[in-house]
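Okay, here's what each chain looks like letter by letter:
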Amino acid sequence: MRPLEMTVTVYASLTRHLIRSLLATLGIVLGIAAVVAMLAIGEGGRREALRQIESQGVDNIILHSIKPSEGNVQQSSRSFTQRYGITQADFDHVRNVFVNVRLLVPVMDVRRDILVGQQTTDIEAVATIPEFLDATRCRLVDRRSRFIKPTDGKVLDPVCVVGVKAARKLFGHLDPLGKTVVIGNVSFRVIGLMESPGGGRLAGQFEFNNIVCMPIETARSLWGGVTFRMGRGIAEQVDYDFLYIAAKEIDAIPGTAGRLRAYLKAAHTQADYEVQVPYELMQSARKTRRIFTIVMTSIAAISLLVGGIGIMNIMLANIFERTREIGVRRALGARKRDILFQFLAESVLLTTIGGGLGVGLGIGTASVAETVSRMGGDAGLTAVVTTESIVVALAVSVITGITFGTHPAWKAAQLDPLTALRHE
Amino acid sequence: MLTTSIEPSDAPLIELRGLAKTYEAGGVQIAALRPTNLVVRSGSFLTVMGPSGSGKSTLLNLFGLLIRPTGGRYLLKGKEVSQLDDDATSAVRCHMIGMVFQSFNLLSHLTILENVCVPMQYARIPRTKMRRRARELLDQFGLGDRYKSRPTQLSGGQCQRVAIARALANDPPVILADEPTGNLDEKTGQEVLQIFQELHRVGKTIIMVTHNPIYRKYATQTVTIHDGRAVEG
C-alpha cells in the first residue's frame, strides 16, 4: 500500500471512533504534558539561577561580613564595641599571599541614610575603589558618565556614581549627572550613572542598580577608617563589608576558594564572614539539574509506560473488534505486512496526536503555573519551553507508539485470513 | 460495456490435480474435500452445488487461496499456486481473483467508493487512477450517485453490487462468489445473477457456490459435492 493510501486508511479507522481514540491517548497526553510542563519550569528555574549566579561574576569569589548572632554579641562584648567581619589584616593577607588574584576590590557599607526631600530611602551607599566596575560586571550608562578615579578621594569635592534605579528614585526623570545627593549630611556630586545588565546584587544583597558608590578614601576621611553604628548601646566595628576577589582564570577558583576558607577559619574565632563562590554554585546548579533530569526521566518513563499500556490495550481491543475487516482485507490482497503497518501506523498516529495534545497542555500548564506563582507580586516561577523539549516529547510519543503498537499489529498480521473472515 | 473483455480460450485457466483438504479435529481426520480433479477453462461459468456442509465452501476457499490444500496441486494459468509464500499468495488474490461474499463483507466505516478502492490500494494503483476506476465501476452498476454513501445506507442488492464492483477493481480473470444471492430476496437475487451473467458474457471466469438448483441453467459447467466428494455434472 502506498504511504498516502496508508495515511487515508489509518485516518478513516481512527476517526471512526473519535472519542474512543482520544480517550485512548489520555495517558500519553497527561504523561507528555507533565513532562513538558516540568521541563519548562525546570528550565526557567535553571536559567534564572544561572543568570543570578553569572550576574555575580563567575570568576569572582565574594567574601562578606556577617554580624554574629545576638547571644554571641553579649557574651563577647566586654567593651562597648563589637568588632566583626573582614578585617584589614584579611585584606592584606589576600593581597600579599594569594597569587591567582586579578582584582581585589573592597566594599564598605557606609551605613548612612540617603534622603529624598525629608524621606529616607532604601538606597544603599557604599564606598569602594575604581576596579569595582570591572569586578562586578556593572557598566556605565550615559556617555558623559565616568566611574570614580583614584584621584577622586583625594580632593575636597565628594563625588559619587549612582545606580539607574537609585537615580530614578532620587531625580525622577531629570538628568542626574552634575546633580547632588546628600549622604549622611554630606553633599556628593553625581559624576556617573551605572547599571548591572543582569540586575545583579552586591554579594547577593544590595541591588547594584539601587546603590550609590563613592571612593573609599572619601568615606574614610569623612567618617573614619572604620564604620561605627550604634544599636542597643553597642557600637559595631567592621573594616570591610564585602571583598570581591576576581581570579586570574576560572580553573584557579576552587583552589583559591579553598585556601581562602582555610585561612579565614584559622584567622577568625567566630563565624562572622561568608564566602560566596558563584562558580561553585554553578557547578552545584549543574548537579541539581542532573538530578532533576533523572527524576524527570523517571516520571516520564512511568507515565509513558502507563500511557503505552493504555494504547496497547485499546489496539488489542480494536483488533479483536475488527478481525473481520482484517479477514476482508487479506481476502482482497493485503499482505501480512500491509496489515502490520496499518495497525502500527494507527498506534503511532494515536500516540503522536496524544503527544501533540500533551505538548499543548504542558505549555498551557506551565504558563498557568507561572501566572499563579506570580499572583502574590513576588518574582515567581519562570517557565521556558525549549524547542528541544517539544521535539523530544514528540519523538518519545512516536517511540511509545511503535513500542506498544508492535505486539497488537503483529498479532493482527498473523491472523488466519479465513478465520478472520468468519469472525462474528 | 463492463470491463475489458477477455477472449474465451481452450487453455485451462484453473486445473486441480487431486486437490484435497483434510482437517484434524480431536485426533480424527476429517476429509473436507477428497482428492479432486477439475479443469476450468477461461470464460467458464462454474456452479458448485451441494448440501450444507458438503465441502462447497472448502473448495471455494481453496480456489481463493484462503486455505492451503493438504494434498494435490492447484494450477492457476499453469502455475502451481497452492504452496506460494504469503506475499505471493496475497499478490495472486489481489490481481487474479475477485471475491464476492454472501454477507457482502463491505467495510462499514468507508464510503462505497473507498470500499471499491481497497483492492487497488493493495495493487499500489495511483490514487487518481484508482478513484477514477472505482467511479467507473460504480457508474456501471447504477451507483453513480451514491459514491459517498456508507454500506449501511444501502439496500442488500446495492451492497452486493458494490461488492461485485470491488471484486472487479483489479480486473482479475476469476470471480469467486460464495452464495452471492443468499442474503437477498428473489427479485434482487435475480438482478445480481444477471450481473454475473453479464460478466460471464464479457469473458470473466465465474465460480459460484450456490445451493439453488435453478442457477444450474446459467452455468457452463457444474460441480456437485457430496460429503467432500466432487463430481462434475
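Here the structure is a predicted model, which means the values were calculated and not measured. Residue positions are given per chain, counted from 1 along the sequence in the order it is written. Chain labels run from A onward and ligand labels from 1 onward, assigned in the order the entries are written. Only residues with pLDDT of at least 70 get local features here, since the model is predicted, and only at 80 or more are side-chain atom pairs given and counted; chain-wide, interface and lining totals rely on the full set of residues.

### A short note on the overall build of chain A
At step 1: Counting its secondary structure elements, chain A contains 14 helices and 17 strands.
At step 2: The reference for a compact globule is 2.2 Å times residues^0.38; the radius of gyration itself is calculated from the C-alpha atoms. Relative to the globule expectation of 22 Å for 424 residues, the C-alpha radius of gyration of chain A, 33 Å, shows a markedly less compact shape.
At step 3: Considering only C-alpha atoms, chain A reaches an extent of 105 × 50 × 40 Å along its principal axes.
At step 4: Each residue is classed by its C-beta neighbour count within 10 Å, where at least 20 other C-beta atoms makes it buried, 12 or fewer makes it exposed, and intermediate counts make it partly exposed; the C-beta atoms are placed from backbone geometry. Taking all 424 residues of chain A together, the buried fraction comes to 41%.
At step 5: We call two residues in contact when the distance between their C-beta atoms, placed using the backbone, is within 7 Å. Sequence-distant contacts, at least 24 apart, represent 81% of the contacts inside chain A between residues at least 6 apart. The secondary structure listing takes helices from DSSP runs of H or I that are at least 4 residues long and strands from runs of E that are at least 2 residues long, numbered from the N terminus.

### What about the packing of helix H10 (residues 278–321) of chain A against helix H12 (residues 336–373) of chain A?
All names here are of chain A.
At step 1: Close contact between H10 and H12 brings their axes to 11 Å; oriented N to C, the two are set at 140°. The orientation of H10 with respect to H12, classified from their angle, is oblique. Note on packing geometry: the crossing formed by H10 with H12 is right-handed. Packed against H10, whose contacting residues are Gly-307, Ile-311, Met-315 and Ile-319, the element H12 presents Phe-343, Ser-347, Leu-350, Thr-351 and Gly-354 at the interface. Only C-alpha atoms enter the line fits that serve as axes; for helices the fit covers just the stretch in contact. Angles between N-to-C directions range over 0 to 180 degrees. Any angle that falls under 35 degrees is termed roughly parallel, while one over 145 is termed roughly antiparallel, one within 65 to 115 roughly perpendicular, and all others oblique. Helix crossings fall into two classes, left-handed where the near helix is turned counterclockwise from the far one by less than a right angle and right-handed where it is turned clockwise.

### Description of the sheet that holds strand E4 (residues 71–76) of chain B
Residues and elements named next belong to chain B.
At step 1: Two strands pair if DSSP finds at least two bridges between them. Spatially, E2-E1-E4-E5 is the arrangement adopted by the 4 strands of the open sheet, whose pairing is antiparallel. Only two strands of the sheet have a single partner each, and these edge strands are strand E2 (28–41) and strand E5 (79–80).
At step 2: Here strand E1 (residues 12–25) runs beside E4; their pairing, made up of 5 bridges, is antiparallel. By the bridge assignment, Leu-16 is partnered in E4 with Tyr-74.
At step 3: Across the sheet, helix H1 (residues 56–63) lies against E1, E2 and E4, angled at about 60° from E2, the strand it touches most.

### Quick notes on helix H5 (residues 156–168) of chain B
Residue and element names in this part refer to chain B.
At step 1: By this rule the span expected of a helix is its residue count minus one, scaled by 1.5 Å. For H5, which comprises 13 residues, the first-to-last C-alpha distance of 18 Å matches the rise-based estimate of 18 Å (1.5 Å per residue) to within 8%.
At step 2: The element H5 is largely enclosed, with a buried count of 10 among its 13 residues.
At step 3: Looking at H5, one finds that the buried residues are Cys-159, Gln-160, Arg-161, Val-162, Ala-163, Ile-164, Ala-165, Arg-166, Ala-167 and Leu-168.
At step 4: Contact partners of the buried residues in H5: strand E6 (97–100), helix H3 (112–122), helix H4 (127–140), strand E7 (174–178) and helix H6 (186–201).

### A word on the interface of chain A and chain B
At step 1: Across the boundary between the two partners, chain A contributes 19 residues, which contact 21 residues of chain B.
At step 2: For the side of chain A that touches chain B, the elements supplying multiple residues, two or more each, are helix H1 (3–16), helix H11 (323–331), H12 and helix H14 (417–421) of chain A.
At step 3: For the side of chain A that touches chain B, the element with the most residues is H1 of chain A, which contributes 5 residues.
At step 4: Residues are grouped as follows: nonpolar covers Ala, Val, Leu, Ile, Met, Phe, Trp, Tyr, Cys and Pro; charged covers Asp, Glu, Lys and Arg; every other residue, Gly included, is treated as polar. Class assignment of the residues belonging to the side of chain A that touches chain B gives a composition of 9 nonpolar, 2 polar and 8 charged.

### Considering the confidence of the model for chain B
Residue and element names in this part refer to chain B.
At step 1: Summary of the metric used: pLDDT quantifies the predictor's per-residue confidence within the range 0 to 100. The pLDDT averaged across chain B works out to 89; a share of 96% of its residues lies at or above 70.
At step 2: Looking across chain B, the model is least confident in strand E10 (residues 229–232), with a mean pLDDT of 87, and most confident in H3, with 95.
At step 3: Under a pLDDT of 50 for its full length, residues 1–8 has, in the predicted model, 19 contacts with residues more than four places off or in other chains.
At step 4: Prediction confidence for the complex, expressed as pTM and ipTM, is 0.73 and 0.92 respectively.

### As for the packing of H12 of chain A against helix H13 (residues 387–413) of chain A
Residues and elements named next belong to chain A.
At step 1: Contact geometry for H12 and H13: axes closest at 7 Å, N-to-C directions at 150°. Viewed along their axes, H12 and H13 adopt a mutual orientation that is roughly antiparallel. Every pair of crossing elements has a handedness; the one defined by H12 and H13 is right-handed.
At step 2: Here the residues of the contact of H12 with H13 sort into 18 nonpolar, 12 polar and 2 charged.

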